[in-house]
Amino acid sequence: MCGIVGYVGQKTAKPYLLDGLKRLEYRGYDSAGLALFSEKDYVIKRNAGPVQGLADATLDSGQRETMGIAHTRWATHGAPNETNAHPHRAGDLVLVHNGIIENYSEIKDRLTKTGVRFSSQTDTEVFAQLIEFHRRKIQDQQPNLSAEDILISALETSMKEVDGHYAILLMARSVPGKIFGVQNGAPLVASPLKGGCLIASDIQAIIPYHNEVCFLPKGEILVAENGKFWTRAPGSSALHAPKLERMDWTADKVEKDGFDSFMLKEIFQQPLVVADTLSGRLPAKEHEPFIWDHQKAHEVLWKNVKKLYLIACGTSYHAALISKYFFEKWAKIDCEVDIASEFRYRSPVLAPGTVVGVISQSGETADTLAALRLANAAGASTFSICNVPSSTIARESGFQYPTKAGPEIGVASTKAFTAQLTVLCTLALDVGRLRGHLDLASFRALARLPHDLDRVLGQSETFIKIGEKLKDRRMVLFVGRGTMYPMALEGALKMKELTYLPSEGFAAGELKHGPIAYIDKDITVVTLAPKDDWYSKTLSNLEEIRARGGHIIAIGSETDEQIKRQCLSGGDEFIGLPESAWGTQPILSVVPLQLLAYGCAKALGRNIDKPRNLAKSVTVE
Ligand code: M6R
């Protein structure tokens, strides 16, 4: 969950490193640091706090070095302070790291007994010291080897001793002019620039400069120098030219475009994102064969499917929960949804005919990736719904149904969720059609979605104002039935991660089994109340909340005069959404939920794009 970046070339390294860190800051932002190779040694600067602090601290240092590595941190081992910030130095080496070394404490004990002294509490320093320990040993034993061969041999020996998943970049004083990198389950991407080479933990730091990248294969060692880089397989001295892939993302997609935050921009991008995701997938004629052009997927995944597992974390898990209703209703498939960190540690029964779908915006979430690997190893047919087509999850899944949300920078997921729901909705409808259950009306409702989303966004000021008023509430509850139950969970997640206010989501039918005890005049209950099959039951829930003095924000249909009147006459709030089909209601309802949380967080002065303690991509367990 950290961001790492390295540059080696003919230009000054520092601007590339700082710009890269700013672009990677969504991965972690509690401290940052950089190391520049200067003359015969390093200049290292580390700072607690966001990347800007590091940028300010190094502003006029006059450093013009053409090689360096840098890091933005999300703390796992050790407090987020300057001492624990990367890069970490060990003798000849300096190293930055993304990931986790699971057996670090065992290695630390072993190294301590040999006299190695540690200055931080991090697992990263242990990795650096281990490589340095082996480097010295090999140097003593085989003094005729070149400094580079000694370093690579030390790196390979250390990798065999280290458990965990990681990506590292390192520089060695004994091998000037080169940056070395290796990855074991955490991505590392390198790109050749004119007269330079840029390496980073993801393409966000690279795309402003070049759109051709190489994803370093797991276990291989990257050797980068002035304008070129190679990879070498473990144990082999043969150098391979990198396999470059062209990315279709461009740098202009990662700017705020006049919005006060990436999150707000991303909320407003949702109509476009849905339109892009639907593009070419809606049937022009009634009997068009495949929306997803998935003839092969139909054979492998859908023709004989007996059970569907959908696995994800966080907001992506909520998208999966909603689509359970879609797959059951439209495709008549037995569908189970699980949190990746639970699924991977259970003993799930993956009998023949089981299909496992994993959903992830980043495509790098550690638990989701582990769940996918478990499913692949068990022989299940797998597919992914990812927003980053080059991500590890997308690459390792049997089939891909990509979302087309473009880079999502705000830590709170918004447009990626909408895109996931759009994919899941079209997929469930299409699989239903392949299995003989055609719901043409729902297909048609999808076509109207971008337009309806635009209309909903037309009320954004109102949603934000209502959100601002929530800042002094003791707690915000979210309730709903059917597909609106997972939406309630999503509303509560957005609220808690952005505002840090206590907030919980419940199935409305569960209110009276416990959560109703929360309700008094200081509590707001956001009630998702569309005109669906459970409408009359939702009306009863509203009465129960009112009777206990709870403040209500009802999100219903714009034509629903009954709820509107009751809310407005009782000092409550009413949000009216365009009438829409059952399957598309969740996609419209999420917009006010996102903007309520945004409005409240703004009023509380929270950091919208970087809520405390969170990171965008959770690449640790
Ligand atoms: O990249 P992923 O979709 O796998 O990420 C899953 C969660 O970490 C993510 O949705 C998280 O819950 C967001 N902060 C929610 O806004």
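Residues numbered from 1 in each chain as written. Predicted model: local features only at pLDDT ≥ 70, side-chain atom pairs only at ≥ 80, totals over all residues. Heavy atoms only, no water.

### Overview of the domain arrangement of the protein chain
Note: interface size is frequently given as the accessible area lost on complex formation between the parts.
Okay, so step 1: Assigned domains of the protein chain: these are domain 1 (3–253), domain 2 (258–447) and domain 3 (459–606).
Okay, so step 2: Between the C-alpha centres of domain 1 and domain 3 the distance comes to 46 Å. (Domains from an automatic or database assignment.)

### Description of the layout of surface pockets
The gaps left among the atoms become clear once a water-sized probe is rolled over them.
Okay, so step 1: The computed volume of the largest pocket comes to approximately 600 Å³.
Okay, so step 2: Around the largest pocket, the lining comprises 31 residues; the ones closest to its centre are C313, G314, T315, K616 and V618.
Okay, so step 3: Classifying every residue of the lining of the largest pocket by side-chain character gives 13 nonpolar, eleven polar and seven charged.
Okay, so step 4: Two domains each provide a minimum of three residues to the lining of the largest pocket, namely domain 2 (258–447) and domain 3 (459–606). (1 Å grid on protein atoms, 1.4 Å probe; cavity = no way out; pocket = protein on both sides within 12 Å on 5 of 7 lines; lining within 4 Å. Points joined across faces, edges and corners; volume = space filled by probe spheres on them. Nonpolar A, V, L, I, M, F, W, Y, C, P; charged D, E, K, R; others polar.)

### Some points on the pattern of salt bridges
Okay, so step 1: In this structure the tally under the stated criterion is 32 salt bridges.
Okay, so step 2: Notably, a salt bridge pairs D41 with R89, separated by 3.0 Å at the nearest N-O pair. Here R89 lies in strand β5 (residues 88–90) and D41 lies in strand β3 (residues 41–48), a separation of 48 residues in the sequence.
Okay, so step 3: When its relative accessible area of 29% is taken as the criterion, D41 is described as partly exposed.
Okay, so step 4: On the basis of relative accessible area, R89 is assigned to the partly exposed category, the value being 30%.
Okay, so step 5: Among the salt bridges present, the one from K521 reaches D522, with a minimum N-O distance of 3.6 Å. (Salt bridge = Lys/Arg side-chain N within 4 Å of Asp/Glu carboxyl O. Helix = DSSP H or I, 4+ residues; strand = E, 2+ residues; numbered from the N terminus. Buried < 20%, exposed > 50% of the residue type's maximum accessible area, 1.4 Å probe, protein only.)

### Description of the side chain of T354
Okay, so step 1: Position of T354 relative to the elements: it lies in strand β17 (residues 354–360).
Okay, so step 2: Among the polar contacts made by the side chain of T354, one reaches the main-chain carbonyl oxygen of A351 at a distance of 2.6 Å. (Polar contact = N/O pair within 3.5 Å; in protein donor to acceptor, adjacent residues only side chain to side chain.)

### Examining the site of the ligand
Okay, so step 1: Taken together, 15 residues are adjacent to the ligand, and S316, S360, Q361, T365 and E497 come closest.
Okay, so step 2: A distance of 3.0 Å separates an oxygen atom of the ligand from a polar atom in the side chain of K494.
Okay, so step 3: Given that more than half its atoms are within 2 Å of the pocket grid, the ligand belongs to the largest pocket.
Okay, so step 4: Elements that contribute at least two residues to the shell around the ligand include exactly α9 (314–330) and α16 (484–499).
Okay, so step 5: Residues lining the shell around the ligand come from more than one domain, with at least three contributed by each of domain 2 (258–447) and domain 3 (459–606). (Near = heavy atom within 4 Å. Sits in = over half its atoms within 2 Å of the grid points.)

### Structural notes on the sheet that holds strand β8 (residues 178–184)
Okay, so step 1: With antiparallel pairing, six strands are arranged side by side in an open sheet as β5-β6-β7-β8-β12-β13. Both outer strands of the open sheet, β5 and β13 (228–232), are each paired with one neighbouring strand and no more. Recorded for the sheet is a direction-independent mean angle of 25° between the axes of neighbouring strands.
Okay, so step 2: Taken together, the nine bridges between strand β6 (residues 93–101) and strand β7 (residues 164–172) define a ladder with antiparallel strand orientation. Paired with I101 across the bridge in β7 is G164.
Okay, so step 3: Relative to β6, helix α4 (residues 123–141) is tilted by about 130°, and along the sheet it contacts β5, β6 and β7. (Pairing = 2+ DSSP bridges. Axes fitted to C-alpha atoms, helices over the stretch in contact; angles between N-to-C directions. Contact = heavy atoms within 4.5 Å.)

### Notes on helix α19 (residues 585–603)
In an α-helix there are 3.6 residues to a turn, and that puts residues three or four apart on one side.
Okay, so step 1: Under the 1.5 Å per step criterion, the end-to-end length of α19 is 28 Å for 19 residues, consistent within 8% with the ideal 27 Å.
Okay, so step 2: Counting buried positions over the 19 residues of α19 gives 17, a clear majority of the element.
Okay, so step 3: Two residues or fewer past α19, G605 is found with a positive phi of approximately 75°. (Expected span 1.5 Å × (residues − 1).)

### Let's talk about the pairing of strand β16 (residues 334–339)
Okay, so step 1: Bridge analysis of strand β15 (residues 307–312) against β16 gives six bridges, and the strand direction is parallel. Looking at the pairing, L310 lines up with V337 of β16.
Okay, so step 2: Traced from β15 through α9 to β16, the parallel crossover comes out right-handed. (Right-handed = clockwise from strand over helix to strand, strands pointing away.)

### A closer look at the packing of aromatic side chains
Okay, so step 1: What the rule picks out here adds up to twelve aromatic pairs.
Okay, so step 2: Between Y7 and Y16, the aromatic rings sit 4.3 Å apart at their centres with planes inclined by 5°, giving stacked as the arrangement.
Okay, so step 3: Relative accessible area serves as the criterion here: at 1%, Y7 is assigned to the buried category.
Okay, so step 4: With a centroid separation of 5.4 Å and 75° between ring planes, the pair formed by F37 and Y42 is classed as edge-to-face. In this structure, F37 and Y42 share a single accessibility class: buried.
Okay, so step 5: Sitting over the ring of Y309, K307 keeps its end group 5.1 Å from the ring centre.
Okay, so step 6: Here K329 stacks its cationic end above the ring of W582, 4.6 Å away from the centre of that ring. (Phe/Tyr/Trp six-rings, centres within 6.5 Å; stacked < 30°, edge-to-face > 60°. Lys NZ or Arg CZ within 6 Å of the ring centre and 35° of its normal.)

### Side note on the packing of helix α13 (residues 415–434) against helix α14 (residues 440–457)
Each pair of packed helices can be summarised by the angle the axes make with each other and by the distance between the axes.
Okay, so step 1: α14 packs onto α13 with a crossing angle of 165° between their chain directions and a minimal axis gap of 10 Å. Regarding the angle of α13 to α14, the classification is roughly antiparallel. Here α13 runs over α14; the crossing is left-handed. Residues T418, C425, T426, L429, D430 and R433 of α13 form the contact with α14, whose participating residues are S442, F443, L446 and L453.
Okay, so step 2: Residues of the contact of α13 with α14, tallied by class, amount to five nonpolar, three polar and two charged. (Parallel < 35°, antiparallel > 145°, perpendicular 65-115°, else oblique. Left-handed = near helix turned anticlockwise from the far one by under 90°.)

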